[in-house]
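This is what each chain is made of:
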Amino acid sequence: MQLRELTKAEEEIMRVLWQLKKGFVKDVLAELPEPKPAYNTVSTIIRILEKKELVGYTAYGKTHEYYPLITEEEYRRFQTEQLMANYFDNSLKKLVSFFVQDKNISLSEADEIINLLNKKKDQ
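Note that the coordinates shown come from a computational prediction; the quantities given were computed from them, not determined experimentally. (Residues numbered from 1 in each chain as written. Predicted model: local features only at pLDDT ≥ 70, side-chain atom pairs only at ≥ 80, totals over all residues. Heavy atoms only, no water.)

Asks: Describe in detail the packing of aromatic side chains, supporting the description with residues and values.
Replies: With the rule as written, the count across this model stands at five aromatic pairs. When the centroid spacing of 6.2 Å and the interplanar angle of 55° are considered together, the rings of Phe 24 and Tyr 60 count as tilted. Taken as a pair, Phe 24 in the loop between helix H1 (8–20) and helix H2 (25–31) and Tyr 60 in strand E1 (residues 55–60) lie far apart in primary sequence, 36 residues in all. Geometrically, the ring pair formed by Tyr 75 and Phe 78 is tilted, given 5.8 Å between the ring centres and 35° between the ring planes. Taken as a pair, Tyr 75 and Phe 78 lie in helix H4 (residues 72–87) at a separation of three residues, close to a single helical turn. Each member of the pair Tyr 75 and Phe 78 is classed as buried. (Phe/Tyr/Trp six-rings, centres within 6.5 Å; stacked < 30°, edge-to-face > 60°. Helix = DSSP H or I, 4+ residues; strand = E, 2+ residues; numbered from the N terminus. Buried < 20%, exposed > 50% of the residue type's maximum accessible area, 1.4 Å probe, protein only.)

Shown next as structure tokens:
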């Protein structure tokens, strides 16, 4: 399966499915914020996600219960890799520098990052 970037609407539906673990269109719709999209819109987006092989289903007659085929962590990893490749030349140093300079990371956050890096190094 080749992961591709999701549209905002697709990602919103996936977030609900990750939270629910599985659900019918009406369950997904109930979790979406106001103003809620039409039932048919949610159903169409879920079918698109199914065609992209990101969502599977169990059929109960004419009704389908949907569930994610990828984890939120897998998609997060994909998005991070895309961000690194597209904006930071696959350089973790450039990514961290960006956040240090542009996002004013606090000293405690910087210490946490250093601790994480040290733990990773020790493994």
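Asks: Kindly report on the pattern of salt bridges, identifying the contributing residues and their values.
Replies: Going through the model one piece at a time under the given rule, you end up with eight salt bridges. Across the pair Lys 52 and Glu 10 runs a salt bridge whose closest N-O atoms are separated by 2.9 Å. Pair noted here: Lys 52 is in the loop between helix H3 (39–51) and E1 and Glu 10 is in helix H1, with a separation of 42 residues, a long-range link. Overall, Glu 10 belongs to the buried group, its relative accessible area being 6%. Taking the shortest distance from any N to any O, the salt bridge between Arg 77 and Glu 73 comes out at 3.4 Å. Residue Arg 77 and its partner Glu 73 are located together in helix H4, separated by four residues, close to a single helical turn. The partly exposed category is assigned to Glu 73, whose relative accessible area is 39%. (Salt bridge = Lys/Arg side-chain N within 4 Å of Asp/Glu carboxyl O.)

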